[in-house]
Amino acid sequence: MSLELDSMYREVVLDHYKQPRGRCPLDRHDIENEGFNPVCGDEVKIGLRIEDGIILGVHSLGRGCSISVASGSMLAEILQGKTLEEARSIAEDFRRMMHGEITPDEADLGDLEALEGVQKFPVRIKCALLPWTTLLDAIEAYERGARAEKSTTEDPQLGGRPGIVHKNDERRSV
Ligand code: ZN
């Protein structure tokens, strides 16, 4: 499937896909979780180092399509130095933008705004949201003092529906 994103946005997405931020493992992490999007075959691992409620380190390792990998890379970049509360609010704004509930102008999402055009391709919205769902589940478990269960975009809460499973294709175009 080829995504016809605006060319400027396309460049931002490709830059994150080709040189994903946050791939370096952390010395230690306080939060971690894995996520899977069975519709597309995307996988992501998220780790956060927290000190005094501030995110001091982000590990984000994605495998799959360009949209999921780019979104995970943007996550690593934007969460640096944020509080958990801010992280949650960014995740919520991003989810709302991807569902067309707010425009990029109504939020402060940095490079994530480049993914707005993906909402024209409903199946791929899950690709974009996967790292964020994984993050939110991880934060929620951390605050309960529990270990996060592996996240999946087929969680009913996300409006998951069975779809066509594509074979992983790292060369898939944006
Ligand atoms: Zn995908």
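Details of the structure are given in the entry above.
To start, this report covers the structure provided alongside it.

Each value, and the rule that gives it
- In every chain, residue numbers begin from 1 and rise along the written sequence.
- pLDDT decides what is reported in this predicted model: residues at 70 or higher carry local features, side-chain atom pairs at 80 or more are listed and counted, and totals for whole chains, interfaces and linings draw on all residues regardless.
- Structural elements are reduced to axes, namely lines fitted to C-alpha atoms, with helices fitted over the stretch in contact, and the angle between N-to-C directions of any two is expressed from 0 to 180 degrees.
- We count a stretch as a helix when DSSP gives it H or I for four or more residues in a row; a strand needs E for two or more, and each element gets its number in order from the N terminus.
- Small angles under 35 degrees read as roughly parallel and large ones over 145 as roughly antiparallel, with 65 to 115 read as roughly perpendicular and the rest as oblique.
- Helix crossings get a hand from a simple test, with the near helix turned counterclockwise from the far one by less than a right angle marking a left-handed crossing and a clockwise turn marking a right-handed one.
- Any two residues are considered in contact once their C-beta atoms, placed from the backbone, lie within 7 Å.
- Paired strands, in this sense, are two strands between which DSSP finds at least two bridges.
- We define the nonpolar core as any set of buried residues of the types Ala, Val, Leu, Ile, Met, Phe, Trp, Tyr and Cys, connected via C-beta atoms lying within 7 Å of each other.
- Three exposure classes are used. Buried residues have 20 or more other C-beta atoms within 10 Å of their own C-beta, exposed residues have 12 or fewer, and partly exposed residues fall in between, all C-beta atoms being placed from the backbone.
- Side-chain classes follow a simple rule in which Ala, Val, Leu, Ile, Met, Phe, Trp, Tyr, Cys and Pro form the nonpolar group, Asp, Glu, Lys and Arg form the charged group, and the remainder, Gly included, forms the polar group.

**Section: the packing of helix α3 (residues 84-98) against helix α4 (residues 122-143)**
Where α3 meets α4, the axes come as close as 10 Å, and the angle between the chain directions of the two elements is 155°. For the element pair α3 / α4, the angle class is roughly antiparallel. Every pair of crossing elements has a handedness; the one defined by α3 and α4 is left-handed. Here α3 contributes Leu84, Ala87, Arg88, Ala91, Phe94, Arg95 and Met98 to the contact with α4, which in turn contributes Ile125, Ala128, Leu129, Trp132, Leu135, Leu136 and Ile139.

**Concerning the sheet that holds strand β1 (residues 31-37)**
Note on sheets: strands pair through backbone hydrogen bonds, and any given pair is parallel or antiparallel. Taking strand neighbours across the sheet as the criterion, the four strands line up as β3-β2-β1-β4 in an open arrangement whose pairing is mixed. Unpaired on one side and paired on the other, β3 (54-63) and β4 (151-152) mark the two borders of the sheet. Of the pairings in the sheet, the one linking β1 to strand β2 (residues 42-51) comprises seven bridges and is antiparallel in character. Looking at the pairing, Ile31 lines up with Leu48 of β2. On the sheet, helix α2 (residues 66-79) packs against β1, β2 and β3 and is oriented at approximately 170° with respect to β3.

**Quick word on the environment of Ala148**
Tracing the sequence through the fold places Ala148 in the loop between α4 and β4. Sequence separation between Ala148 and Leu136 is 12 residues, and the spatial gap between their C-alpha atoms is 9.7 Å. With near-sequence residues (within four places) excluded, Ala148 lies in contact with Asn33, Asp137, Ala138 and Ala141.

**Digging into the pairing of β3**
Summarising the sheet, β2 and β3 pair through nine bridges and their orientation is antiparallel. Among the inter-strand pairings, Lys45 is bridged to a residue of β3, identified as Leu61. Here β2 folds back onto β3 in antiparallel fashion, the turn holding two residues, of which Asp52 has a positive phi close to 50°.

**Things to note about the nonpolar core**
The biggest cluster of nonpolar side chains holds 42 residues, and the ones touching the most others in it are Ala128 and Leu135. The set of elements that each furnish at least two residues to this core consists of α1 (7-18), β2, β3, α2, α3 and α4. Considering each element in turn, this core owes the most residues, 10 residues, to α4. Aside from chain neighbours lying at most four places away, what touches Ala128 is Ile67, Ser71, Met98, Leu115 and Val118.

**A closer look at unusual backbone geometry**
Despite not being glycine, Asp52 shows a phi value in the positive range, around 50°. By the element assignment, Asp52 lies in the loop between β2 and β3. Residue classification places Asp52 among the exposed positions, given that 6 C-beta atoms sit within 10 Å.

**Here's the deal with the packing of α1 against α2**
Two quantities define a packed helix pair, namely the angle between the axes and the distance from one axis to the other. It is the contact of α1 with α2, at a shortest axis distance of 8 Å, that shows an interaxial angle of 80°. Here α2 runs roughly perpendicular to α1, going by the angle between their axes. Where α1 approaches α2, its residues Val13, Leu14, His16 and Tyr17 are matched on the opposing element by Ser66, Val69, Ala70, Ser73 and Met74. Residue classes in the contact of α1 with α2 are distributed as six nonpolar, three polar and no charged.

**What about the pairing of β1?**
Going residue by residue along β1, you find Ile31, Asn33, Gly35 and Asn37 tucked away on one face and Glu32, Glu34 and Phe36 left uncovered on the opposite face. In this antiparallel pair of consecutive strands, β1 and β2, the connection spans four residues, and Gly41 shows a positive phi of 90°. In terms of strand pairing, β1 meets β4 through two bridges, oriented parallel. Counted as the bridge partner of Gly35 is Ser151 from β4.

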